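# Examination of the molecular architecture
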Amino acid sequence: MEKVNIFKGFKTRLKGEPDLSIIKLPKPSTIAVSALDIPFIRPRILVKDGDKVKIGSPLFYDKQNPDIQYLCPGAGVVQKIVFGARRRLHEVVVQLFEKEYHVEFESLTKKALGTADTQKIIDILIKGGLWQCLRRLPARDTADPKIQPPLIIVCLNENDMFAPHPGLYLENETSFFELGLSLLRKISKRVVVAARKNHLEKLAPLNTNITHVIPDLYPAWNPGAILFHIKKTADENNAWYVTGQHLLLMVKLILTGHYPIERIATVSRENDKKPHLLIRQGMPVKSLAPSLGKNDLITSGMFSGRIIAPDSHMGFFENTLNILKIKNEEEFLGFIRPGTAKTTVSNTFLSCLFDKPGQADCDTHGEERACINCACCHRICPNDLMPNFIMKALHGDDLEDALDMGLLDCCNCGLCSYTCPCKIELAHIFQDAMNAYHKDKE
Amino acid sequence: MKWLKRIFDKSEKHFSGSGKLAKAHALFDATKTVFFHPLRRTAFIPFLRDCLDLKRYMTFVLISLVPVTIFGIYNTGYRAGLGSGVELDLLDSFLHGSYYVIPIILVSYVVGLFWEILFAGIRKHKISEGFLVTGLLFPLTLPATIPLWQVALGISFGVIIGKEVFGGTGRNILNPALTARAFVYFSYPVSMSGEIWIPNLGAVDGMSGATPLAVAAQGNQSILAALSDMGFALKNLFWGFVPGSIGETSVFCIVLGMFFLLVTRIANFRIIAGGIAGLIFTAIVFYLFGEDPGSWIKAGPLYHLFAGSFLFGITFMATDPVSAPGTNEARWIFGFLIGFFTVTIRVANPAFVEGTMLAILFMNVFAPLLDHMVVKYKVSKRIPNV
Amino acid sequence: MLAEKDHFKEILIKGIWKENPVAYQVLGICSALAVTVKMSTAIVMGIALTIVTAFSSLIISSMRKHIPSNIRIIVELAVIASLVIVTDQILKAFLYDISKQLSIFVGLIITNCIVLGRAESFALANPPADSFVDGVANGIGYSLILVCVAFIRELLGSGKILGFNVIPGFLVDMGYQNMGLMVLAPGAFFIIGLLVWLKNNLPGVSHEEN
């Protein structure tokens with residue numbers, strides 16, 4: 001096991017870490033496939049209201065790459081297709097039947113999987129709607145099955161701080177996971193498995209498969225951060241990555257021939273000890289977090305997710321919900337309070353003296369100002385970028401300069417925006433610039 | 001605090017839209033946000049944000065200036081007493097000092113705030129907190145006897161030319177407080193020269209007393225002997241019972257402020273450490289190779305460190321993040337060169353007895369270049385990703 | 001006839017205000033810094049430059065069809081240099097003190113960008129009458145800024161206007177001091193910068209689209 005040296009990151013602890021028990025949620029009445037968490041998709045819908053679908057029936061595909069289909073994780077009737085502004089597809093909602101049927105895909109036995117050729121496996125994965133689990137850095141778009149990646153990173157942790165613990169979803173699944181790794185080795189010569197340092201104990205059966213150990217601070221387990229710290233040459237920039245849970249799903253699809261629908265998810269909320277949840281893909285948000293108030297903002301990942309509407313459904317890639325408090329009371333003389341209970345990475349509040357988990361709320365805690373060049377963003381960036389200079393280069397429309405300074409090495413962890421005392425939306429600016437650059441390149 | 005909130009809510013309509021006082025909206029907004037920390041929900045990733053904002057950031061610089069300001073007031077009063085031949089006790093010194101210093105600070109704030117509001121109104125942006133620091137730093141660099149209209153002109157120049165022409169706090173290349181001081185320094189040398197006029201109670205004319213840096217030894221005396229003859233022993237310089245600009249005299253109080261800024265990481269330690277290293281290095285070089293025993297060449301690093309405004313400048317002026325470089329390596333160089341130029345100007349330039357202000361302003365101009373070089377160097381070390 | 005008058009007026013306005021050589025084209029800054037400590041020198045310098053620009057434009061414009069384009073700079077410089085030398089000698093003869101204060105700067109009108117600039121960009125392409133007006137306009141535009149700067153610098157820097165003390169005695173008694181910065185060269189930088197800023201940004205005065 002090789003140690004990845006990431007020193008910078010978010011060292012403060014936050015309240016609301018889920019515990020390690022698992023609760024199975026009851027079957028919901030509706031289920032949906034969301035298009036909002038799929039990168040760069042231009043969907044074309046294959047069903048209409050009232051159509052009957054099975055588990056594994058395609059609901060829509062990506063116009064840029066018609067092979068990549070998004071399959072239905074439940075059997076029932078298409079209830080409604082939700083569009084947003086400018087007719088952007090939000091989600092396809094399916095009302096579930098009591099009894100559900102599967103679409104049968106081609107399956108392989110364990111032995112056949114070992115000897116099957118790569119193209120065959122790729123075909124099964126594409127047909128089975130799970131190829132898109134493999135994503136390509138730095139833009140995080142869907143991997144191109146026609147090329148061989150320089151390396152594949154298996155991230156046992158998803159992006160968020162409170163993402164599902166790999167020890168739970170990998171429990172008793174060691175053999176499947178190993179099959180998954182052998183499958184990835186067919187696609188790429190080099191496969192990297194990275195695990196958090198304090199997860200190693202729970203991952204003991206897998207220890208021989210773990211190649212890299214990463215320190216236990218956010219966002220060290222972000223594939224962008226891992227890649228930045230292990231890459232030696234520029235070819236490795238376009239590495240692929242897949243999360244541990246998705247890898248298991250891929251193996252299950254190939255072995256059973258059925259589209260797998262179960263996931264392990266977490267819901268985190270301040271002052272609320274929540275267990276891990278066994279859910280189905282695309283469950284309604286309300287069934288995961290039933291007691292939502294008016295003062296809650298729901299996100300799929302508080303650092304790098306998206307805001308989820310309370311009456312919508314979980315996305316294909318999303319297994320975490322963070323519920324953040326909305327502050328309604330303006331604090332009297334807030335800027336000068338000693339702040340014993342404020343979450344901060346700076347040394348300007350008394351709370352930095354105690355090692356207590358901090359509160360999280362979705363307020364900016366201040367107004368936007370011009371950058372004062374304090375380099376707080378550089379101090380915290382896990383990939384050692386200089387976000388203030390990159391931001392200024394982008395502000396001056398100098399994309400070349402920004403790329404030189406490593407814009408594409410940005411792992412979208414959001415810590416620069418988090419720490420900025422001037423409240424500049426650095427992460428958002430970078431994400432926009434990276435997406436624009438990616439679209440331009442395509 | 002409900003009543004205060006109600007007052008703000010009620011008067012808001014006068015200051016916004018077509019209200020009578022809509023032009024002063026920036027002032028209203030600034031006052032309101034001081035009392036009630038504004039709420040703004042995050043719209044983009046990450047959805048939680050650090051509690052530190054610019055208001056708190058700048059307020060912490062103000063807090064670090066409190067010891068210096070209080071001692072400055074006391075020392076001014078004490079000096080004034082000495083000037084008229086009376087030894088004042090603590091409270092009296094403080095009261096007399098306030099009589100001189102408080103008006104200077106008030107004028108600086110009021111006039112500076114006027115320009116801030118004017119520009120905020122025209123440009124439709126909010127009043128930036130950076131001004132809080134400028135408005136206090138500038139008076140602390142002045143002698144207590146400065147005429148108030150010069151304070152007003154100085155802060156106007158600092159705010160307009162030093163900051164607003166570039167677009168406000170965050171976009172300036174020079175430290176506005178030092179720009180203001182440089183303006184007064186070059187425009188009204190009589191008020192600002194090395195000879196500090198010690199205020200004299202009641203009498204029309206004061207008596208003059210040199211700051212330590214203006215001391216030069218007579219005959220065969222060494223500079224150290226001359227300094228202690230004039231009452232500038234190292235101990236006095238450390239505690240600050242010497243004539244000088246309001247805020248610069250007490251090394252002890254400055255170190256208190258420096259400690260606070262370093263612990264809270266508001267100021268970058270690299271600039272301060274680099275500056276002190278540069279000063280000590282240069283002072284030693286001059287000490288070893290200098291010839292004239294009666295001048296500051298032979299004063300040695302400790303005297304160079306404690307006398308004059310170097311510590312004040314490197315702690316509060318050079319660490320202003322806007323005008324200092326933004327990369328760590330450049331900060332070391334920046335600090336070191338400030339120390340180097342301070343000593344060089346002190347000993348090698350007969351026109352200026354004090355070099356800190358010029359050294360910092362000079363390096364402010366070079367800060368973007370240092371940053372550029374460091375960034376280019378770092379870029380060349382990266383694995384390219386295009 | 002009326003149209004012609006309008007035509008000249010337009011050239012005048014363009015040279016003096018809209019495309020003012022100092023404030024808009026940022027030419028001739030060097031001499032503007034050097035001769036604006038006092039108003040008298042600024043006025044003489046302005047007049048000298050106006051005459052040189054006007055006549056050089058006139059002469060070059062009338063020769064424009066006969067100047068081979070590859071040696072045009074030499075011809076232009078010969079014309080300008082002759083005019084400058086004549087002007088310099090006249091100043092030395094009749095305004096010796098001021099000419100001493102202006103020192104080298106009258107001689108340096110030869111290299112002043114305004115003169116050559118107008119000759120290159122206007123006189124070579126326009127008839128003599130137009131060029132003459134254009135030269136006068138640019139000269140006046142330059143003088144205008146120069147006199148403004150010199151007025152401010154002399155007033156603030158030494159408390160005088162055209163050499164006469166204007167600061168009332170009671171102000172000095174109350175503690176008024178002259179602004180030393182204005183006597184130094186940076187003072188002129190600041191004043192010119194502020195004037196340009198005002199001219200380009202003040203609503204109602206500016207001709208630039210914001």
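Residues numbered from 1 in each chain as written. Chains lettered and ligands numbered in written order. Predicted model: local features only at pLDDT ≥ 70, side-chain atom pairs only at ≥ 80, totals over all residues. Heavy atoms only, no water.

## Some thoughts on the overall build of chain C
To keep it simple, the criterion reads: In DSSP terms, a helix is any run of H or I states spanning at least four residues, a strand is any run of E spanning at least two, and both are numbered starting from the N terminus. The globule rule used for comparison is 2.2 Å times the number of residues to the exponent 0.38, while the radius of gyration itself is calculated over C-alpha atoms. Here's how the labels work: a residue is buried when its accessible area is under 20% of the maximum for its type, exposed when over 50%, partly exposed in between, all with a 1.4 Å probe on protein chains only.
Across its full length, chain C holds 11 helices and two strands. For chain C, the succession of helices and strands along the chain, N to C, is α-α-α-α-α-α-α-α-β-β-α-α-α. Taken against the 2.2 N^0.38 rule, which gives 17 Å for 210 residues, the C-alpha radius of gyration of chain C at 19 Å falls within 12% of a compact globule. By its C-alpha atoms, chain C is 65 × 45 × 30 Å across when sized along the principal axes. With 210 residues in all, chain C has 39% of them scored as buried.

## Comments concerning the side chain of B:Ser323
Residues and elements named next belong to chain B. Basically, it comes down to this: Two N or O atoms form a polar contact when they lie within 3.5 Å of each other; inside protein one atom must be a possible hydrogen donor and the other a possible acceptor, and for residues adjacent in sequence the pair counts only when both atoms belong to side chains. Two residues qualify as a contact provided that any one of their heavy atoms is within 4.5 Å of a heavy atom in the partner residue.
With respect to the element layout, Ser-323 can be found in the loop between helix H14 (310–317) and helix H15 (328–348). You can call Ser-323 buried: its relative accessible area is 1%. At 2.9 Å, the side chain of Ser-323 and the side chain of Asp-320 are in polar contact. In this structure Ser-323 touches Ile-173, Leu-174, Asn-175, Phe-334, Asn-364 and Ala-367, once residues within four positions along its chain are discounted.

## A word on the pairing of strand E17 (residues 276–280) of chain A
Residues and elements named next belong to chain A. So the rule is basically this: Strand pairing follows a simple DSSP-based rule, namely that at least 2 bridges must link the two strands.
The buried count for E17 comes to four of five residues, which makes it a mostly enclosed element. In the sheet, strand E2 (residues 22–24) pairs with E17 via three bridges, with the strands oriented parallel. Bridge pairing links Ile-22 to His-276 in E17. Sheet analysis places strand E16 (residues 262–269) next to E17, joined by five bridges and oriented antiparallel. Note on E17: the bridge partner recorded for Thr-266 is His-276. From the end of E16 to the start of E17, which pair antiparallel, there are six residues, and Asn-271 there has a positive phi angle of about 60°.

## What about the interface of chain A and chain B?
Keep this limit in mind: Throughout this description, the term salt bridge denotes a Lys or Arg side-chain nitrogen within 4 Å of a carboxyl oxygen of Asp or Glu. When residues are sorted by character, Ala, Val, Leu, Ile, Met, Phe, Trp, Tyr, Cys and Pro go into the nonpolar class, Asp, Glu, Lys and Arg into the charged class, and all the rest, Gly among them, into the polar class.
In this complex, chain A contributes 85 residues to the contact, which on the side of chain B involves 62 residues. Counting across the chain A and chain B interface gives seven salt bridges. Here A:Glu330 ties to B:Lys5 by a salt bridge, and the two come within 2.8 Å at their closest N and O atoms. At the level of secondary structure, the elements contributing two or more residues to the side of chain A that touches chain B comprise strand E18 (296–299), strand E20 (331–332), helix H8 (376–380), helix H9 (387–395), helix H10 (399–404), helix H11 (415–419) and helix H12 (426–441) of chain A. In terms of residues, the side of chain A that touches chain B owes the most to one element, H12(A), which gives five residues. For the side of chain A that touches chain B, the residue count by class is 36 nonpolar, 27 polar and 22 charged.

## Notes on helix H4 (residues 174–187) of chain A
Helical geometry note: an α-helix holds 3.6 residues per turn, so side chains three or four residues apart project in the same direction. What counts is decided by this rule: Expected helix span is given by 1.5 Å per residue-to-residue step, counting one fewer step than there are residues.
Taking 1.5 Å per residue as the helical rise, H4(A) with its 14 residues ought to reach 20 Å, and the 20 Å between its terminal C-alpha atoms agrees with that figure. Those residues of H4(A) hidden inside the fold are in contact with helix H1 (110–115), helix H2 (118–127), strand E12 (152–155), strand E13 (191–196), strand E15 (240–243) and helix H6 (244–256) of chain A.

## Observations concerning the packing of aromatic side chains
In plain terms, the rule: Each pair of aromatic rings taken from Phe, Tyr and Trp, with Trp reduced to its six-membered ring, is defined by centres within 6.5 Å and is described as stacked if the planes are under 30 degrees apart, edge-to-face if over 60, and tilted in the remaining cases. The criterion is that NZ of a Lys, or CZ of an Arg, lies within 6 Å of the ring centre and within 35 degrees of the ring normal, and then a charge sits over that ring.
Scanning all chains against the criterion turns up 42 aromatic pairs over all chains. Measuring from ring centre to ring centre gives 5.4 Å for A:Phe60 and A:Tyr70, while their planes differ by 25°; the resulting arrangement is stacked. With A:Phe60 in strand E6 (residues 58–62) and A:Tyr70 in strand E7 (residues 65–71), this residue pair connects regions lying 10 residues apart in the sequence. There is no split in this pair, since A:Phe60 and A:Tyr70 are both buried. A ring pair is formed by B:Phe71 and B:Phe241, whose centres lie 5.5 Å apart and whose planes are at 70°; its orientation type is edge-to-face. Of this pair, B:Phe71 sits in helix H3 (residues 54–83) while B:Phe241 sits in the loop between helix H10 (234–239) and helix H11 (251–263), and the two are 170 residues apart along the sequence. Accessibility expressed as a relative area gives 12% for B:Phe71, which makes it buried. Taken together through their ring pairs, the aromatic side chains of A:Phe332, B:Phe8, B:Phe15, B:Phe28, B:Phe35 and B:Phe36 make up a single cluster. Directly above the ring of A:Trp221 sits A:Arg196, whose terminal nitrogen or CZ lies 3.9 Å from the centroid.

## Re the packing of H9(A) against H12(A)
All names here are of chain A. Here is the rule we go by: Axes, fitted as lines to C-alpha atoms, cover a helix only where it is in contact. Angles between the N-to-C directions of the axes lie from 0 to 180 degrees. Oblique is the label for any angle not covered by the other classes, which are roughly parallel (under 35 degrees), roughly antiparallel (over 145) and roughly perpendicular (65 to 115). In a left-handed crossing the near helix is turned counterclockwise from the far helix by less than a right angle, and in a right-handed crossing that turn is clockwise.
The interhelical angle for the contact between H9 and H12, taken along N-to-C directions, is 55°, at an axis separation of 10 Å. On the basis of their axis angle, the class for H9 and H12 is oblique. Where H9 crosses over H12, the handedness of that crossing is left-handed. Contacts from Pro-387, Ile-390, Met-391 and Leu-394 in H9 reach Leu-426, Ile-429, Phe-430 and Ala-433 in H12.

## Here's the deal with the interface of chain B and chain C
The partner chain C presents 11 residues to the 15 residues of chain B that form the contact. At the boundary of chain B and chain C, one finds zero salt bridges. Between the two partners, chain B and chain C, sit three residue pairs in polar contact (both at pLDDT 80 or more). Taken together, the elements giving at least two residues each to the side of chain B that touches chain C come down to helix H4 (90–123), helix H6 (148–160), helix H7 (176–187) and helix H8 (189–192) of chain B. Of all the elements, H6(B) adds the most residues to the side of chain B that touches chain C, at five residues. Tallied by class, residues from the side of chain B that touches chain C come to 11 nonpolar, three polar and one charged.

## A word on the sheet that holds E15(A)
Residue and element names in this part refer to chain A. Strand order in the open sheet made by the seven strands is E1-E14-E13-E12-E15-E10-E11, with mixed pairing throughout. Two strands close off the open sheet at either side, each with one partner strand: strand E1 (2–3) and strand E11 (141–142). Bridge count between E13 and strand E14 (residues 212–214): three bridges; the pairing is parallel. When the bridges of E14 are listed, Arg-196 appears paired with Ile-214.

## Thoughts on the pattern of salt bridges
Per the stated rule, a full pass over the model turns up 36 salt bridges over all chains. Across the salt bridge formed by A:Lys342 and A:Glu331, the nearest N and O atoms sit 2.8 Å from each other. Of this pair, A:Lys342 sits in the loop between E20 and H8 while A:Glu331 sits in strand E20; the two residues are 11 residues apart in sequence, bridging distant segments of the chain. Through salt bridges with shared partners, a single network forms among A:Glu367, A:Arg369, B:Asp29, B:Lys55, B:Lys126 and B:Glu129.

## Examining the side chain of A:Asp296
All names here are of chain A. Here Asp-296 lies in strand E18. At a separation of 2.7 Å, a polar atom in the side chain of Asp-296 contacts the side chain of Arg-269. Every residue in contact with Asp-296, bar those within four places of it in the chain, is listed here: Arg-269, Ser-291, Ile-323, Leu-324 and Ile-326.

## Details of unusual backbone geometry
A cis amide bond links A:Leu137 with the next residue in sequence, A:Pro138, at an omega value of 0°. Within the secondary structure, A:Pro138 is located in the loop between strand E10 (135–136) and E11. Between A:Tyr218 and A:Pro219 the backbone carries a cis peptide bond, its omega angle lying at -5°. Structurally, the position occupied by A:Pro219 is in the loop between E14 and helix H5 (223–230). Look at B:Arg265: it is not a glycine, yet its phi comes out positive at around 60°. Within the secondary structure layout, B:Arg265 lies in the loop between H11 and helix H12 (269–289). The partly exposed category is assigned to B:Arg265, whose relative accessible area is 38%.

## Considering empty space enclosed by the protein
Residue and element names in this part refer to chain B. Which entries qualify depends on this criterion: The rule is simple: put a 1 Å grid over the protein atoms alone, call a set of points where a 1.4 Å probe fits but cannot get out a cavity, call an open set with protein on both sides within 12 Å along at least five of seven lines a pocket, and count a residue as lining if it has an atom within 4 Å of a point. Grid points are joined across faces, edges and corners, and a volume is the space filled by probe spheres set on the points. Where each domain starts and ends comes from a domain assignment, either automatic or drawn from a database.
Under the definition given, this model contains nine cavities of 30 Å³ or more. Around the largest cavity, the lining comprises 22 residues; the ones closest to its centre are Met-58, Gly-130, Val-133, Asp-320 and Pro-321. At the level of elements, H3, helix H5 (130–140) and H7 are the ones that each hand at least two residues to the lining of the largest cavity. Counting residues per element, the lining of the largest cavity draws most heavily on H5, which supplies four residues. The class makeup of the residues in the lining of the largest cavity is 13 nonpolar, seven polar and two charged. Residues lining the lining of the largest cavity come from more than one domain, with at least three contributed by each of domain 1 (54–192) and domain 2 (213–371).

Note that every value here comes from positions in space, so none of it alone points to a role or purpose.
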